[in-house]
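# Results of the structural survey
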Amino acid sequence: MLMIEFKTKVLTTTIMDPRDNFNRKEIETEIRFDPLTGESSRLAHFGMIKPQKEDFSSWDTPENHSRCPFCPPNIEKITPRFPPEHLPEGRLHRGETTLLPNIAPYDQFSALAVMSRDHVVPLEKLSPRLLKDAFEAGLEFFRIIAAKKYQLPYYAIMWNYMPPSGGGIVHPHQQPIISDAPGNLFRKALENSRRYYQAHRQSYWKEICRVEKEKGQRFIGELERSCWLISFAPLGVMGEFLGIFPDVHTIFDVDETVVDELVSGLERLFSYFLSLNIYSFNMGLFFAPAGTEQYFSLHLRLIPRLYLNLVHRPSDINAVQMILQEPFAVVYPEKQCAELRSFW
Ligand SMILES: [Zn+2]
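Notes on the structure follow. (Residues numbered from 1 in each chain as written. Predicted model: local features only at pLDDT ≥ 70, side-chain atom pairs only at ≥ 80, totals over all residues.)

To continue, consider helix 6 (residues 256-275). With 20 residues, helix 6 extends 29 Å between its outermost C-alpha atoms, agreeing within 8% with the 28 Å of an ideal straight helix rising 1.5 Å per residue. Of the positions making up helix 6, those classed as buried are Leu-262, Val-263, Gly-265, Leu-266, Leu-269, Phe-270 and Phe-273. For helix 6, the arc enclosing every buried residue in end-on projection is 165°, short of the 170-degree limit, so these residues lie on one face. Within helix 6, the exposed residues directed more than 90 degrees away from the buried face are Glu-256, Thr-257 and Ser-275. The inward-facing, buried residues of helix 6 abut helix 3 (128-146), strand 10 (227-230), strand 11 (241-245) and strand 13 (298-305). Count one or two residues on from helix 6 and you reach Asn-277, which has phi positive near 65°. (Helix = DSSP H or I, 4+ residues; strand = E, 2+ residues; numbered from the N terminus. Expected span 1.5 Å × (residues − 1). Buried ≥ 20, exposed ≤ 12 C-beta atoms within 10 Å, placed from the backbone. Arc of directions from axis to C-beta. Contact = placed C-beta atoms within 7 Å.)

Below is the structure:
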């Protein structure tokens, strides 16, 4: 019995096509349902969205550096410090990363891991060293706060990279958060993972890796402890990428080898993105809360973001996603996966 269901529904609409002498043309839209959450997403609006190459030089000027809170020497002078009961040193340093509290927090513990001394770090310069130091600073912060037993079960590292992602500051910074309120997607993933385990006595995360590998259509590749997939029902217009560590769970399970693998997977995705002029994304790295190890695994979601054009820089999020709460992708995950494999 196939326990994971890949459910789809195809809709057809007809237009009289001006590109073909106003002859009748049928256009298909596919609705897909996420195999974990059951939520719908569509494959639609084909041929209308293409990432554009951006020129970063106007962002990387002395004037912009002097206005940026994360550029040296501003970072030392004008960013906040943690109170001594949270972090006696006030801020945490690892390599080029400085971890500090968000002056405009989203949560009980809302940190920023400023990843570099440089203000603009395009994808090709996001080196394994910068990525590793940022993740490790976030993890060190998590462990320090976890030791204080605040009863906050949810840990995640968020990242809005470059302006199309909604990142207000170009200077790269991840956002490690610790909370007792996981947010909708994390909560739905947890609840449905628990339900799946109760029904099938199997971890959904192990199963999705096994099933996708067997099917091969959305299976990008694997590393020693992780499996990398493209989501069946993507959350972003240019798809959604998953890095799953089936046997790694809480913040205490993540050792240096896991971080290295995470970085290695990301570097491979980045080469693919560069080939398509994708230079921005949203990322979430979700850790299993204590007690959920049987059914929840460490995983990363990465959603490329883009401006629809560089004239007015319209966002790739519109009323369909915001008001209908219906994500759509303009690419087929299976086609993307075939292209991506050569970068793996
Ligand atoms: Zn800066």
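Now, onward.
As a further point, take the nonpolar core. With 74 residues, the main nonpolar core has Ala-113 and Ala-156 as its most contacted residues. Once you skip the residues sitting within four places of it in the chain, Ala-113 turns out to touch Thr-97, Leu-99, Ala-134, Ala-137, Gly-138, His-173, Gln-174 and Pro-176. (Core = buried A, V, L, I, M, F, W, Y, C linked by C-beta atoms within 7 Å.)

Their axes nearest at 9 Å, the elements helix 3 and helix 6 cross at an angle of 135°. Between helix 3 and helix 6, the crossing angle belongs to the class labelled oblique. The crossing of helix 3 and helix 6 is right-handed. Where helix 3 abuts helix 6, its residues Pro-128, Leu-131, Lys-132, Phe-135 and Glu-136 lie against Val-259, Asp-260, Leu-262, Val-263, Leu-266 and Glu-267. (Axes fitted to C-alpha atoms, helices over the stretch in contact; angles between N-to-C directions. Parallel < 35°, antiparallel > 145°, perpendicular 65-115°, else oblique. Left-handed = near helix turned anticlockwise from the far one by under 90°.)

Taken together, four strands build an open sheet; the order of strands is 1-2-3-14 and the sheet is mixed. The strands lining the two open edges of the sheet, one partner per strand, are strand 1 (7-17) and strand 14 (328-329). Pairing of strand 3 (residues 40-43) with strand 14 involves two bridges; the strand directions are parallel. Directly across from Arg-42, in strand 14, lies its bridge partner Phe-328. (Pairing = 2+ DSSP bridges.)

Below, the discussion takes up the sheet that holds strand 9 (residues 219-222). With antiparallel pairing, 10 strands are arranged side by side in an open sheet as 4-5-6-8-7-12-13-11-10-9. The open sheet is flanked by strand 4 (92-94) and strand 9, the only strands paired with a single partner. The average angle at which neighbouring strand axes cross in this sheet is 15°, direction not considered. Taken together, the seven bridges between strand 12 (residues 280-286) and strand 13 define a ladder with antiparallel strand orientation.

Time to look at unusual backbone geometry. Of the consecutive residues Pro-72 and Pro-73, the connecting peptide bond is found in the cis state with omega at 0°. Mapped onto the fold, Pro-73 is located in the loop between helix 1 (62-67) and helix 2 (74-78). Non-glycine residue Phe-22 carries a positive phi angle of around 60°. Relative to the helices and strands, Phe-22 is located in the loop between strand 1 and strand 2 (23-33). Taking the number of C-beta atoms within 10 Å as the measure of exposure, Phe-22 has 10 and is therefore exposed. Of note in this structure, Lys-149 is not a glycine but carries a positive phi near 55°.

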